[in-house]
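# Secondary and tertiary structure notes
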Amino acid sequence: MTVRKLRVFLWLAVVAVAGLSLALVVSDSARERLAGVGGSEGVAAIGGPFSLVDHQGEPVSHADFLGRPTVYFFGFTHCPDVCPTTLHELSAWLQELGPEADRLQVVFVTVDPERDRPEEMARYLQAFDERIVGLTGSPEQVSEMTGNWRVYVRKVPLDEGEGGDYTVDHTASVYLMDSESRFFGTIAFGEADDSAIAKLRRLAQEG
Ligand code: NI
């Protein structure tokens, strides 16, 4: 092999490796999006500090939720299907767990802070288990949290004639965090009641 040929060969190798790692990154993020949440290899990175306000308008941070296992669900009050369904199911599961549910904290974090101010969150949550705490904040505060939690959020404009309104695509999984705010698992959208309740019970007992 001449030096020139060797150089070309090395360049091709570099390009191939770069292409391969790009493909891995792309397929990784596509897989995460499909799964709703980072795969098991990303577990350690899910979660982190946040500072927001609750549905009473009181400032809260991650520190307020330490010491007890916490269930986080990200959504928005204008959501037509996934959010009301999930919050309704969560309410039923808490009921089913009985006294064990009191060991859990359940949090609904808006991904639409512009529209979901504390009053709106409070009004919306009246339809669900009263233990569910609503969290909102500035758009920056919320996007910092959703970023750290690997929550997929995408604002989608609605058709004209619907008043320039928008909807928000978002991760539909429920996040389970232990009492030290370490990632414990997820409940998928549409997961069977038995399975979801078993996970919540494990979280309440071990978290
Ligand atoms: Ni939703």
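Residues numbered from 1 in each chain as written. Predicted model: local features only at pLDDT ≥ 70, side-chain atom pairs only at ≥ 80, totals over all residues. Heavy atoms only, no water.

### Digging into the confidence of the model for the chain
The predicted model of the chain has a mean per-residue pLDDT of 85, with 76% of residues at 70 or higher. Counting interchain partners and residues more than four positions distant, the pLDDT-below-50 stretch residues 8-12 has zero contacts. This stretch, residues 14-36, has a pLDDT under 50; its non-local contacts, to residues over four places away or in other chains, come to twelve contacts. (pLDDT = per-residue confidence, 0-100. Contact = heavy atoms within 4.5 Å.)

### Comments concerning the pairing of strand β4 (residues 105-110)
Most of β4 is tucked away: six of the six residues are buried. Covered by surrounding structure in β4 are Gln 105, Val 107 and Val 109 together with Val 106, Phe 108 and Thr 110, the residues of both alternating faces. Relative to β4, strand β3 (residues 70-75) runs parallel, the two being bridged by six bridges. Bridge assignment links Tyr 72 to a residue of β4, and that residue is Val 107. The handedness of the β3 to β4 crossover, carried by helix α2 (residues 82-97), is right-handed. With four bridges connecting them, β4 and strand β5 (residues 132-136) associate as parallel partners. Across the sheet, the residue bridging to Val 106 is Ile 132, located in β5. With helix α3 (residues 118-125) bridging β4 and the parallel β5, this β-α-β connection has right-handed handedness. (Buried < 20%, exposed > 50% of the residue type's maximum accessible area, 1.4 Å probe, protein only. Helix = DSSP H or I, 4+ residues; strand = E, 2+ residues; numbered from the N terminus. Pairing = 2+ DSSP bridges. Right-handed = clockwise from strand over helix to strand, strands pointing away.)

### A short note on empty space enclosed by the protein
All chains considered together, the criterion is met by one cavity of 30 Å³ or more. Roughly 30 Å³ of internal volume is contained in the largest cavity. Around the largest cavity sit Thr 86, Glu 89, Trp 93, Ala 172, Val 174, Ile 187, Ala 188, Phe 189 and Gly 190, which together line it. It is α2 that provides the largest number of residues to the lining of the largest cavity, a total of three residues. For the lining of the largest cavity, the residue count by class is six nonpolar, two polar and one charged. (1 Å grid on protein atoms, 1.4 Å probe; cavity = no way out; pocket = protein on both sides within 12 Å on 5 of 7 lines; lining within 4 Å. Points joined across faces, edges and corners; volume = space filled by probe spheres on them. Nonpolar A, V, L, I, M, F, W, Y, C, P; charged D, E, K, R; others polar.)

### A short note on the pairing of strand β9 (residues 183-187)
Relative to β9, strand β8 (residues 174-177) runs antiparallel, the two being bridged by four bridges. Looking across to β9, one finds that Leu 176 is bridged to Gly 185. Following β8, the chain reverses through five residues before pairing antiparallel with β9; Ser 181 in that reversal takes a positive phi of roughly 65°.

### Looking at the coordination of the nickel ion
Protein-derived coordination of the nickel ion comes from Cys 79 (SG), Cys 83 (SG) and His 170 (NE2), at a distance range of 2.0 to 2.2 Å. Taken in chain order, the donor set of the nickel ion reads C-x3-C-x86-H. Of this pair, Cys 83 sits in helix α2 while His 170 sits in strand β7 (residues 166-170); the two residues are 87 residues apart in sequence, bridging distant segments of the chain. We classify His 170 as buried; its relative accessible area is 14%. (Donors = N, O, S within 2.8 Å, 3.2 Å for Na, K, Ca; no water.)

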